[in-house]
Amino acid sequence: MSTPIKAFIPDPPSPPPAAAIGVVHWLRENLFSNWFNSLLTIASLLLLAKAVPPLVSWALVNAVLTGGPELCDGTSGACWSFIGAKARVMLIGTYPAELEWRPLAAGVLFAGVVAATVSGRCKKRVLTAAWPLLFVAALWLIGGGAGLEPVDQSMWGGLMLSLGLAAVGILLSVPFGILLALGRQSKMTGISSLCVGFIELIRGVPLITILFMASVMMPLFLPINLQINNLLRVQVGIILFSSAYIAEVVRGGLQAIPRGQIDAAKALGLSSWMVTLFVVLPQALRHVLPSLIGRCIALFKDTSLVIIVGLLDFLGMAKAASQDQVWLGHEVEGYVFCAVVYWVICFGMSRYGRSLEKRGPKHNN
Amino acid sequence: MDTQKAVIEVKGLNKWYGEFHVLKNIDLEVRRGERIVICGPSGSGKSTLIRCMNRLERHQEGAIFVDGTELTGNLKGIEKIRREVGMVFQNFNLFPHMTVLENLTLAPIWVRKMPRREAESTAMHYLDRVRISEQALKYPGQLSGGQQQRVAIARALCMSPDILLFDEPTSALDPEMIKEVLDVMVELAEERMTMVCVTHEMGFARTVADRIIFMDSGQIVEQNSPEEFFSNPQYDRTKLFLSQILQH
Ligand SMILES: Nc1ncnc2c1ncn2[C@@H]1O[C@H](COP(=O)(O)OP(=O)(O)OP(=O)(O)O)[C@@H](O)[C@H]1O
Ligand SMILES: [Mg+2]
């Protein structure tokens, strides 16, 4: 006789033990887990205690927030009124004051498109159209023409110039870099060696050299009637430089795609460009998103090198502003301000990159 | 149906990987509605053979005809044939960045130029058939292996192929999930879908195969109906293989 079959009922889940959660547990786990960590924690606390109070008293307690240059004389604090007085030139350079609504409008449009992109609520198709349109609109607003009074490129500067160079640079060097990476993998040796040659050439030269070449040497070679303006040449230099690095980043992603993915796509009858566009690239780009965002942040920071070829970007304008006879001796405030703005923008890009990584498919295996 | 023409014809096929001779003088015909099982020890060239049938691998000698068209280097011709030949892989190879529904509609939309709505309703129809329609909006990574493989089968079916190739569709699955995939395959076989399956599921072979092909070291050792193949193997190599595989 066999015993009757029993039903299996799993035990209900129970909460974790209290010792595994809470503030004290966190402190012990993260700051005082062993004697060496405890030592490091104490040393860091001492260092902070030394450094923070003077910084606070300089930046906040003794700081001068408003008023003319004379109020800053003899204070031991920061002279933030310098930033207020020079904000215009740091943001838009020597752009004519009576026309400053135009860069402002361009800035508002830019902020709008950025917000729409970051929110993640807009359709990809809308965004793909919005960005190129934004550039046309911004270029028209800032540069004039077609009904607006033209403003010469030599008057563009400040943060506006930095953001413009970076935004155009990112938007063009990412697709160009992807094409280079795909070209490098091409079975046609002509195309692939051309791409390898270009990538290795660019990666072997510092950005400064490329900017110099673009700004100083190119005009010597190009015929007079083919002269393009300095800013455009510099922009092209930045794009070429950045795309070579992006190509290498993307190549890493392309190599990480398992062969089975391509087999499956081909087996469905997809043509090779469809396999690349729908199956390989989306996965490859997702793989390398962190490094890709890193390259974009680097590109934004690298735009500060254009000062070498005589363009006054955000940092360049801060330096120029501190040489004003009336406001002499406040470059520290200018640089701190620049650092904060750069940090906010780069940190924003970094956070946006993180949110992109988290979006999309979840993997359990 | 035996009177019908061969849909796959392999003639004197030879293939090498470098110096290594993987496929040796393979001759094989698959007629419409026929269900073929290919088995053999690991490394005998089963995957290579089946992958030659939709030219995921190139052969160096001999000829393969699918639906009367020879497989050559002509890319456009190959793409046309691949539309009619579905394939299911050991590792599912679903596209992890697309939902189940997107996996199923990609090829119908872009290759067959089917309107999205129609492609989606076809996809839902086949998901229903593999009993998984409630997962349509999930990503492959959220599904179990058995579910993923059923999605992969549905993906192939969405192109309404003439022929389905299976390369060890159940070998990457836990025992509990093998049955759910085999059930779907048996249903397809009962509808007289033309199938070429590389598999070691001898129960499946016994019940649905019209013919079993046994391969070893790149050659077809023998081919026979399931009854004959299991009860009366012609070669000692086949006997040895059967005794090993039927032990468990
Ligand atoms: N791309 C390749 N390059 C070189 N050799 C290969 C390649 N692919 C397969 N081989 C070799 O060819 C032989 C046949 O491989 P194949 O994958 O067709 O075997 P199989 O019968 O499917 O085996 P399994 O049951 O393990 O899947 C094996 O010895 C394998 O090592
Ligand atoms: Mg195999």
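The structure displayed is predicted, hence computed values, not measured ones. (Residues numbered from 1 in each chain as written. Chains lettered and ligands numbered in written order. Predicted model: local features only at pLDDT ≥ 70, side-chain atom pairs only at ≥ 80, totals over all residues. Heavy atoms only, no water.)

1. Brief notes about the site of ligand 1
Residues and elements named next belong to chain B. Surveying the vicinity of ligand 1 reveals the residues Tyr17, Phe20, Val22, Pro41, Ser42, Gly43, Ser44, Gly45, Lys46, Ser47, Thr48 and Glu168. Here Lys46 contributes a side-chain N or O atom positioned 2.8 Å from an oxygen atom of ligand 1. In the environment of ligand 1, an oxygen atom lies 3.0 Å from a nitrogen or oxygen atom belonging to the side chain of Glu168. Computed on the free molecule, ligand 1 has an accessible area of 620 Å², of which 60% lies beneath the protein chains in the complex. (Near = heavy atom within 4 Å. Polar contact = N/O pair within 3.5 Å; in protein donor to acceptor, adjacent residues only side chain to side chain. Areas by Shrake-Rupley, 256 points an atom, 1.4 Å probe, with all protein chains shown as cover.)

2. Some words on the nonpolar core
In this structure, Leu270 of chain A together with Ile8, Leu49, Met53 and Leu165 of chain B are the most contacted members of the largest nonpolar core, which totals 110 residues. Residues in contact with Leu165 of chain B, not counting those within four places in the same chain, are Ile8, Ile50, Met53, Asn54, Val85, Gly86, Met87, Val88 and Val196 of chain B. (Core = buried A, V, L, I, M, F, W, Y, C linked by side-chain atoms within 4.5 Å. Buried < 20%, exposed > 50% of the residue type's maximum accessible area, 1.4 Å probe, protein only. Contact = heavy atoms within 4.5 Å.)

3. Let's talk about the sheet that holds strand S5 (residues 69-70) of chain B
All names here are of chain B. On the basis of which strands lie adjacent, the open sheet formed by four strands has the order S2-S1-S4-S5 and antiparallel pairing. The open sheet has two edge strands with one neighbour each: strand S2 (20-31) and S5. Sheet topology note: the strand S1 (residues 6-17)/S2 ladder contains eight bridges and is antiparallel. The residue bridging Ala6 from the neighbouring strand is Arg31, located in S2. (Pairing = 2+ DSSP bridges. Helix = DSSP H or I, 4+ residues; strand = E, 2+ residues; numbered from the N terminus.)

4. Thoughts on the packing of helix H9 (residues 230-255) of chain A against helix H11 (residues 272-287) of chain A
Helices that pack against each other are described as a pair by the angle of their axes relative to one another and the distance between those axes. Residue and element names in this part refer to chain A. Between H9 and H11, whose axes approach to 8 Å, the crossing angle comes to 115 degrees. The two elements H9 and H11 cross, and the hand of that crossing is right-handed. Residues Val250, Gly253 and Leu254 of H9 lie in contact with H11, whose contacting residues are Val280, Leu281, Ala284, Leu285 and His287. When the residues that make up the contact of H9 with H11 are grouped by side-chain class, the tally is six nonpolar, two polar and no charged. (Axes fitted to C-alpha atoms, helices over the stretch in contact; angles between N-to-C directions. Left-handed = near helix turned anticlockwise from the far one by under 90°. Nonpolar A, V, L, I, M, F, W, Y, C, P; charged D, E, K, R; others polar.)

5. Regarding the pattern of salt bridges
This model, assessed by the stated rule, comprises 23 salt bridges over all chains. With its nearest N and O atoms 2.6 Å apart, the salt bridge here joins Glu248 of chain A to Arg184 of chain A. With Glu248 of chain A in helix H9 and Arg184 of chain A in helix H6 (residues 158-185), the pair connects residues that are 64 residues apart, well separated along the chain. On the basis of relative accessibility, which here comes to 19%, the residue Arg184 of chain A falls in the buried class. Across the pair Glu84 of chain B and Arg112 of chain B runs a salt bridge, and its minimum N-O distance is 3.3 Å. In this pair, Glu84 of chain B sits in helix H2 (residues 75-84) while Arg112 of chain B sits in the loop between helix H3 (100-110) and helix H4 (116-129), placing the two residues 28 residues apart along the sequence. Classification of Arg112 of chain B as partly exposed rests on a relative accessible area of 30%. Connected through salt bridges with shared partners, the residues Arg184, Glu200, Arg203, Glu248 and Arg251 of chain A form a single ionic network. (Salt bridge = Lys/Arg side-chain N within 4 Å of Asp/Glu carboxyl O.)

6. Focus on helix H6 (residues 175-190) of chain B
Residues and elements named next belong to chain B. Taking 1.5 Å per residue, 16 residues should reach 22 Å; H6 reaches 23 Å between its end C-alpha atoms and fits that length. Buried residues of H6: Met177, Ile178, Val181, Leu182, Val184, Met185, Leu188 and Ala189, and no others. Projected down its long axis, H6 carries its buried residues within an arc of 160 degrees, all on one side. For H6, exposure combined with an orientation more than 90 degrees from the buried face picks out Glu176, Lys179 and Glu190. Where H6 is buried, its residues contact strand S3 (35-39), H4, helix H5 (145-157), strand S7 (163-167), strand S8 (194-198) and helix H7 (202-208). Count one or two residues on from H6 and you reach Arg192, which has phi positive near 65 degrees. (Expected span 1.5 Å × (residues − 1). Arc of directions from axis to C-beta.)

7. Here's the deal with the interface of chain A and chain B
Often, the extent of an interface is quoted as the loss of accessible area on bringing the components together. Between chain A and chain B, the contact holds 24 residues from the first and 27 residues from the second. Taken together, the two surfaces of chain A and chain B that pack against each other cover about 2,200 Å², and 63% of this comes from carbon and sulfur. Counting every contact that joins chain A to chain B gives two salt bridges. Among the salt bridges present, the one from Arg51 of chain B reaches Asp263 of chain A, with a minimum N-O distance of 3.0 Å. (Buried area = accessible area lost by both parts, 1.4 Å probe.)

8. Regarding unusual backbone geometry
Despite not being glycine, Ala146 of chain A shows a phi value in the positive range, around 50 degrees. Residue placement: Ala146 of chain A occurs in the loop between helix H5 (124-143) and H6. Non-glycine residue Asn25 of chain B carries a positive phi angle of around 45 degrees. Assignment of secondary structure puts Asn25 of chain B in strand S2. Classification of Asn25 of chain B by relative accessible area gives exposed; the value is 54%.

9. Topic: the pairing of strand S6 (residues 85-88) of chain B
All names here are of chain B. Every second residue of S6 is oriented toward a common face, with Val85 and Met87 on one face and Gly86 and Val88 on the other, all of them buried. Pairing of S6 with S7 involves four bridges; the strand directions are parallel. Directly across from Met87, in S7, lies its bridge partner Leu165.

10. Considerations on the packing of aromatic side chains
Under the definition given, this model contains 14 aromatic pairs over all chains. Each ring, one from Phe176 of chain A and one from Phe198 of chain A, has its centre 6.2 Å from the other, and the planes form 70 degrees; the classification is edge-to-face. Linking Phe176 of chain A in helix H6 with Phe198 of chain A in helix H7 (residues 189-203), this pair joins segments that are 22 residues apart in sequence. A relative accessible area of 33% means that Phe176 of chain A is categorised as partly exposed. Both rings, one in Phe241 of chain A and one in Tyr245 of chain A, keep their centres 5.0 Å apart while their planes meet at 50 degrees; by these two values the pair is tilted. Placement of both Phe241 of chain A and Tyr245 of chain A in helix H9 is noted, with a separation of four residues, approximately one turn of the helix. Site record: aromatic cluster; members linked through ring pairs are Phe300, Phe314, Phe337 and Tyr342 of chain A. The ring of Phe95 of chain B carries the charged tip of Arg155 of chain B above its face, separated from the ring centre by 4.5 Å. Positioned above the aromatic ring of Phe230 of chain B is the side chain of Arg206 of chain B, whose terminal nitrogen or guanidinium carbon lies 4.3 Å from the ring centre. (Phe/Tyr/Trp six-rings, centres within 6.5 Å; stacked < 30°, edge-to-face > 60°. Lys NZ or Arg CZ within 6 Å of the ring centre and 35° of its normal.)

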